[in-house]
Amino acid sequence: MDTVLFDMFGVIARHQSPQGKARLVAVADHAPEPFWEAYWELRQPYDRGDVDGVQYWHTVARRLGTAFSSARIADLIEADLDSWSAVDPSMVDLLGELADAGRNIALLSNIPEELAAYYENRYAWLKHFAVLGFSCRIGHAKPEPGAYQWCCQALGLEPGRILFVDDREDNIAAARVLGIRGHLFTTPDRLRTALGL
């Protein structure tokens, strides 16, 4: 194994908190169930960089049968960024430990441009990664095969020399189809064991 390829959200960064999700629903001023259906069903093109945040939220509004003003969209983008901003300090420590030990690490994350820029401006630990595979910049989002193929090419490695760490079984399964080894993330301690730390 030459490289550990990390997912971001649900592994290094935390999923949206109940407070963050509640803030988004409040800003949208819409019922939670249809809001989240639209949010997730329309998310892949946003993550892949096909649309920007303004376009994404206009599309969400149309799906909900309403319209969002420019001011509300700006507030939604801000609330969305904030909802995805928390990281797991123990995982950040693990990244530093791997980097200090000379282990090659890379990142593959489904992330829109606004959030990618937010992380780059806020978190210095991104410098530990040899490759940053942000979906919005590589034109592919997991579990699309192109996302994993892009990483293999960027790293210059055969798939079998990469261990992919993700908290979603469908993303792990898609990587394994291409020959990439997978670790389904549950806790930092279990990952440490898998990495022989």
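Computed from a predicted structure; not experimentally measured.

### Here we look at the packing of helix α4 (residues 53-63) against helix α5 (residues 70-83)
- Where α4 meets α5, the axes come as close as 10 Å, and the angle between the chain directions of the two elements is 105 degrees. Between α4 and α5, the interaxial angle falls into the category roughly perpendicular. The segment α4 lies against α5, with Gly53, Val54, Trp57 and His58 engaging Ile73, Leu76, Ile77 and Asp80.

### Side note on the pattern of salt bridges
- Enumeration over the complete set of coordinates arrives at 16 salt bridges.
- Taking the shortest distance from any N to any O, the salt bridge between Asp88 and Arg14 comes out at 3.8 Å. Here Asp88 is found in the loop between α5 and α6 (89-100), whereas its partner Arg14 is found in the loop between β1 (3-6) and α1 (18-28), with 74 residues between them in sequence.
- Using a relative accessible area of 14% as the deciding quantity, one classes Asp88 as buried.
- Exposure remark for Arg14: the relative accessible area of 40% places this residue in the partly exposed category.
- Salt-bridge contacts for Asp47 lead to Arg43; the nearest nitrogen and oxygen are separated by 3.7 Å. Of the two residues, Asp47 and Arg43 are both situated in helix α3 (residues 43-48); the distance of four residues between them amounts to about one turn of the helix. Both residues of the pair, Asp47 and Arg43, count as buried.
- Through salt bridges with shared partners, a single network forms among Asp7, Lys142 and Asp166.

The rules behind each value
- Residues numbered from 1 in each chain as written.
- Predicted model: local features only at pLDDT ≥ 70, side-chain atom pairs only at ≥ 80, totals over all residues.
- Heavy atoms only, no water.
- Axes fitted to C-alpha atoms, helices over the stretch in contact; angles between N-to-C directions.
- Helix = DSSP H or I, 4+ residues; strand = E, 2+ residues; numbered from the N terminus.
- Parallel < 35°, antiparallel > 145°, perpendicular 65-115°, else oblique.
- Contact = heavy atoms within 4.5 Å.
- Salt bridge = Lys/Arg side-chain N within 4 Å of Asp/Glu carboxyl O.
- Buried < 20%, exposed > 50% of the residue type's maximum accessible area, 1.4 Å probe, protein only.

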